[in-house]
Every structure is written in structure tokens, then in C-alpha cells.
Amino acid sequence: AYTTRDYTVYHETFIPNLLPRVIELESDRLASLKINQETLFAERRVVFEERRMRTENSPDGRMQEALWGLAYRAHPYRWPVIGYSEDLARITVDDLRSFFDKFYQPGNVTLVITGDFDAKEAWDLLDVGYGWMPGKKVVKEPLALEPPQKEARRVKLRDQVASTQVAIAYPVTSAHEEDTYALDVLANILFQGTSSRAYQRIVEEKDLALGVSGVAYTPMYPGIFMINAVMKRPHTDKELERELEVLYREVQTQGVTEEEISTAVRQLTVQTVDSVRTAHGLGTLLGTVMMIFDDPYRYQSDLSKYQRVKKEDVQRVAAKYLIPTYKNVVTLVPGNRAGD
């Protein structure tokens, strides 16, 4: 199982003749999950340990938590998915039961089966497992809108690392907005692989960093355009930011080439196709687009929308979103944490 900022996923991979047992187990989880003080104590210890491992004892984890907290001031995306230690410590059995009763019921479940199975048999099994459960559609509560960012924000952290690390975020679109496709193409041109503009300029030509990467993360609500880099001593985060600004201005003023557009669209298409080569990958994709768009076949139109991205679209989104006042920067420098 795993949880994103938008949904929680439970998944199993199994041989086909176990489908009846898996449906039985999953429907039982939904109908009669045992929540008591004993299970809370045991599972809370697991989550505490997971938080220590992935965030508190991980420089990358600390940076990502700080970056989301910096980029969002009102929207719930500012909170880490796993929660803060003090919140985990305060959770009660009643809190868990209330949450489970509200969200873990048939009207709020998307169930995906992929692989080698008979459709009629599967429907009959699902009817037996879930058909008797009462449920209602969960009413989505209105979420706080993120106010426009008016100035750059910065946080500096210290940790036992060999080199300075930098994480940068710019507020961008949600998955529902058309600019998302041009932003994906822009991120690919700037940051995808060793032939990207950023890698060639910052790593190969200028020798400023050991590595640089970037992606447009566009979930259910407005997301962020993220860049990560590990600096090469003695170069600084300021040098990185200056070179990134130069790269942005080149796209904003001169645009990109048809060849770059074609390469980016081809790579994005291949990534989508590769992701559905397995039953698990197909199930993950179908479940994701169903949760976000309420349409399991939405990914098919996504591929055609990438094909329609033009040079002018990439130049426009670069000018619209990659501007200094929208910048959020987390810098992690070698040192003692006590100095944070």
C-alpha cells in the first residue's frame, strides 16, 4: 500500500486462480477493519520508524518536506503525507475510526482488476464481496485556495552531506489544465537525461553540479515544477540559480526547436506505453486517471494532447511560470543540524 497527496492505494499481484480470495480479503478489509488500541500502538510504531527513515534521517526527505511546506501556505499539499511526529503521537482510536467510516466505504472506492481473468466471473465475485455493503458518495470538502506567490521564498538546512544540494519549486498547474502538457514537454527539454539543456550547460559545460534533474508534478490540484541538483565543490547554489535563469530566458525569448519538441513528445509517449506493459502498471495507470479525472481511459487523450504541443506553447508556459517571484528554494549545506 502507499499514499499520495491525493489518494491511498492498496494493491496485490497474484496468480489468476487467487482472484476470489483477494476479493474476499479486500472486501473484508473494507467491511470490518479491526481498529483498537493494540493495532494503533503497533502501526503507529511502524509509521514513526518510516518517518525517521524516509524524512528525519534522510537529507533528500528533509529537503522535500521543506520544499512543499515552502511552496504552499494555504493548500493541504503543504503537509507531509506521512504527517509530523507530534501529530502521529496525538492520533486516537476514535480519530482513526472516524476517518475510516468517512472515507473507507463503497462510494469512495475505485477498484481495478487487470490481467488474465473472466469478466463475468469477476463481476459476480465483486457483487458477492461488495454488493451488500451500504454506502454513499463522499462529499468533497472545499479546500483552501493557494494565494498567488508575490516574492521568492528560501530555506537553508544543514546536514551531514558531502556537497551542497538544492531543491527549487515553481507553482504550476493541476492535471486538469491544458498547460500541463506543455509544462511536461518543457521539463523534458530542460531536464530529461544527459542530453537535456540543463545537464549539458550546468554539468558538462560549466561543471557546476554533479547532477541536475527536473519535473513538472501536476496532481489533482495545482502542483509544482521541481528542480533538484547536487553541487560540485566549491560551486554554490547561487551559481546554479543564475545558470538556470539563463536557461529559462533562452526558452522564454528564443523558444525551442521542432526537434526538441519531437524528442520530448516521443520520450513522454514511450514512458506512458512502458508503464502499462505489466498488469500492475496498467492497473496503476487506470486507477490514477480514474481517481483524478473520473475517466479510466483519459490517458489515451493525454497522448494525443502531447502531440499537439507546439513551440509557442512551450515558450509561453516558460514565460508564465518560471519567473523569479514564483521561486521557492531549499538549500542543504554540509554542517551540523543544530545550526538550522
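A.B. asks: Looking at this structure, how should I read the nonpolar core?
C.D. replies: It is characteristic of soluble globular proteins that their nonpolar side chains tend to be buried jointly. Ranked by internal contacts, the top residues of the largest apolar core, which has 43 residues, are Val 185, Leu 186, Phe 191, Phe 225, Ile 227 and Leu 244. Mapped by element, the contributors of at least two residues to this core are strand E4 (165–171), helix H7 (179–191), helix H8 (197–205), strand E5 (209–217), strand E6 (224–231), helix H9 (237–254), helix H10 (258–275) and helix H13 (311–321). Ranked by residue count, the leading element in this core is H7, at nine residues. Ile 227 has contacts with Val 166, Ala 167, Ile 168, Tyr 170, Phe 191, Val 212, Ser 213, Gly 214, Leu 244 and Tyr 248, leaving out every residue within four places of it along the chain.

A.B. asks: Any chance you could explain the pattern of salt bridges here in plain terms?
C.D. replies: Where charged atoms from two side chains of opposite charge come close, those side chains can pair. In the structure shown here, the tally under the stated rule is 24 salt bridges. The salt bridge involving Arg 201 is made with Glu 205; its shortest N-O contact spans 3.7 Å. Here the residue Arg 201 and the residue Glu 205 both occupy positions in helix H8, the gap between them amounting to four residues, near one helical turn. Residue class for Arg 201 comes out buried when judged on its relative accessible area of 16%. Under the relative-accessibility criterion, Glu 205 is labelled exposed at 55%. Between Arg 316 and Asp 313 there is a salt bridge; the shortest N-O distance is 3.9 Å. Separated by three residues within a single helix, Arg 316 and Asp 313 lie in helix H13, roughly one turn from each other.

A.B. asks: Just to check I follow, could you spell out unusual backbone geometry for this structure?
C.D. replies: A negative phi holds for most residues other than glycine; trans holds for most peptide bonds. A cis geometry characterises the amide bond from Arg 233 onward to Pro 234, with omega recorded as 5°. With respect to the secondary-structure elements, Pro 234 resides in the loop between E6 and H9. The backbone of Asp 207 shows a phi angle near 60°, a positive value even though the residue is not glycine. For Asp 207, the position within the fold is in the loop between H8 and E5. Of the residues examined, Asp 207 reaches a relative accessible area of 34% and is grouped as partly exposed. Positive phi, close to 60°, is recorded for Asp 294, a residue that is not glycine. Looking at the secondary structure, you find Asp 294 in the loop between helix H11 (279–293) and helix H12 (298–307). Since its relative accessible area comes to 60%, Asp 294 is described here as exposed.

A.B. asks: What is the right way to read the packing of H7 against H9 from this model?
C.D. replies: Angle between the axes and distance between the axes are the two parameters that describe a pair of packed helices. Two elements in contact, H7 and H9, have axes whose closest approach is 12 Å; the angle formed by their N-to-C orientations is 125°. Here H7 is positioned oblique relative to H9, judged by the angle of their axes. Relative to H9, H7 is oriented so that their crossing is right-handed. Of H9, the residues touching H7 (which contributes Leu 186, Leu 190 and Phe 191) are Leu 244, Leu 247, Tyr 248 and Val 251. Its residues assigned to classes, the contact of H7 with H9 shows seven nonpolar, no polar and no charged.

What counts and what doesn't
Residues numbered from 1 in each chain as written. Predicted model: local features only at pLDDT ≥ 70, side-chain atom pairs only at ≥ 80, totals over all residues. Heavy atoms only, no water. Core = buried A, V, L, I, M, F, W, Y, C linked by side-chain atoms within 4.5 Å. Buried < 20%, exposed > 50% of the residue type's maximum accessible area, 1.4 Å probe, protein only. Helix = DSSP H or I, 4+ residues; strand = E, 2+ residues; numbered from the N terminus. Contact = heavy atoms within 4.5 Å. Salt bridge = Lys/Arg side-chain N within 4 Å of Asp/Glu carboxyl O. Axes fitted to C-alpha atoms, helices over the stretch in contact; angles between N-to-C directions. Parallel < 35°, antiparallel > 145°, perpendicular 65-115°, else oblique. Left-handed = near helix turned anticlockwise from the far one by under 90°. Nonpolar A, V, L, I, M, F, W, Y, C, P; charged D, E, K, R; others polar.

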